[in-house]
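# Structural overview
Chain by chain, the residues:
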Amino acid sequence: MSIPSFTTYPELETGRFRLRQPRLEDAAALAVVYGHPEVSRYLLYDDLGSTKATSEKLARDLESAKRGEGFRWVLCERGQDVPLGSVGLFHWNARDRNAEVGYVLSMPLWGQGVMKELLPTLLRFGFVQMGLHRIEARLDPRNAASMRVLTRAGFQPEGVQRENCAGPGGFTDTALFSLLEGEWRRDSSSDAP
């Protein structure tokens, strides 16, 4: 299978939302999302509660996309431009045809079925457009809500890496989930080609 290339940053849409290319001017709004204590509690990376740190992360994400290592989108309501979080397929390994999925949502969106709506579009993009064979998710094993989202989308648990992630509160475990292309095609009746 040939490796797909993208000449423009893809934009994805669902019934209620759109995923667009991040811009450096999104940093202040995203810092508010990332900086909320409930939102940041399960993040497996450094604190992004400051505009400067979030701006640096956005710059890294844009460079990563240019290098063909994946995409991180800004989540907005359709017809709006205000950042409500971020969603991504990143750490793309073209040779092994795998990538990692991740998402961070503004707290008012919790429990509103946002990821249930977004994941089918995101998975379709990963398996069809990016040509992935495997999509992984790494998360804090205490994040039961995210585990439910992934399980409902067909992801399978693969285990827990013990205390492999250093954070402000000490070391935390990381749970690994995965979904294979064949499982996705079998389970997504009308979505898969």
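The structure reproduced in this document is the subject of the present report. In this text, all values refer to a predicted model and were calculated from it rather than measured experimentally. (Residues numbered from 1 in each chain as written. Predicted model: local features only at pLDDT ≥ 70, side-chain atom pairs only at ≥ 80, totals over all residues. Heavy atoms only, no water.)

### Considering the overall build of the chain
Counting its regular elements, the chain contains six helices and eight strands. If you line up the chain on its principal axes, its C-alpha atoms span 40 × 40 × 30 Å. A buried classification covers 44% of the 193 residues belonging to the chain. For the chain, the proportion of contacts with a sequence separation of at least 24, taken over those separated by at least 6, is 61%. For the chain, the exposed area adds up to about 10,300 Å²; of that, 51% sits on carbon and sulfur atoms. The averaged location of the 25 negative side-chain charges in the chain is 2 Å from the averaged location of its 24 positive side-chain charges. (Helix = DSSP H or I, 4+ residues; strand = E, 2+ residues; numbered from the N terminus. Buried < 20%, exposed > 50% of the residue type's maximum accessible area, 1.4 Å probe, protein only. Contact = heavy atoms within 4.5 Å. Areas by Shrake-Rupley, 256 points an atom, 1.4 Å probe, with all protein chains shown as cover. Lys, Arg positive; Asp, Glu negative; His and termini not counted. Charge placed at Lys NZ, Arg CZ, Asp CG, Glu CD.)

### Some remarks on the pattern of salt bridges
Here the structure, examined in full by the defined rule, presents 22 salt bridges. Close ionic contact of Asp 140 with Arg 142 constitutes a salt bridge, the shortest N to O distance being 2.6 Å. Arg 142 sits in the exposed class, given a relative accessible area of 53%. For Arg 186, the salt bridge goes to Asp 187, with nearest N and O atoms at 3.4 Å. Through salt bridges with shared partners, one network takes in Glu 11, Arg 18, Arg 20, Arg 23, Glu 25, Asp 26 and Asp 81. (Salt bridge = Lys/Arg side-chain N within 4 Å of Asp/Glu carboxyl O.)

### A short note on the environment of Gly 169
Relative to the helices and strands, Gly 169 is located in the loop between strand S7 (156-167) and strand S8 (170-180). A residue is classified by how much of its surface remains accessible, and Gly 169, at 84% relative accessible area, is exposed. Sequence spacing of Gly 169 and Arg 41 is 128 residues, and the spatial spacing of their C-alpha atoms is 9.8 Å.

### Describing the packing of aromatic side chains
Taken as a whole, this structure holds five aromatic pairs when the rule is applied. Ring geometry for Phe 71 versus Phe 125: centroids 6.0 Å apart, planes at 75°, classification edge-to-face. With Phe 71 in strand S3 (residues 71-77) and Phe 125 in helix H4 (residues 114-129), the pair connects residues that are 54 residues apart, well separated along the chain. We note that Phe 71, like Phe 125, is buried. Between Trp 73 and Phe 125 the ring centres are 5.6 Å apart and the planes differ by 85°, which places this aromatic pair in the edge-to-face class. Of this pair, Trp 73 sits in strand S3 while Phe 125 sits in helix H4, placing them 52 residues apart in sequence. (Phe/Tyr/Trp six-rings, centres within 6.5 Å; stacked < 30°, edge-to-face > 60°.)

### Thoughts on unusual backbone geometry
The phi torsion at His 91 lies on the positive side, around 55°, for a residue other than glycine. With respect to the element layout, His 91 can be found in strand S4 (residues 85-93).

### Describing the sheet that holds S4
Pairing within the open sheet is mixed, and its eight strands lie in the order S1-S2-S3-S4-S5-S6-S8-S7. This sheet does not close on itself; its edge strands, each paired only once, are strand S1 (12-13) and S7. (Pairing = 2+ DSSP bridges.)

### Structural notes on H4
Taking 1.5 Å of rise per residue, the 16 residues of H4 would be expected to cover 22 Å, and the 22 Å separating its terminal C-alpha atoms lies within 8% of that figure. Considered for burial, the residues of H4 that qualify are Val 114, Met 115, Leu 118, Leu 119, Leu 122, Leu 123, Phe 125, Gly 126 and Phe 127. (Expected span 1.5 Å × (residues − 1).)

### With respect to helix H3 (residues 51-66)
Its 16 residues place the ends of H3 23 Å apart at the C-alpha level, agreeing with the 22 Å of an ideal helix rising 1.5 Å per residue. Every buried residue belonging to H3 is among Ala 53, Thr 54, Lys 57, Leu 58, Asp 61, Leu 62, Ser 64 and Ala 65, and all of these are buried. After H3 finishes, the residue Gly 68 shows a positive phi value of roughly 75°.

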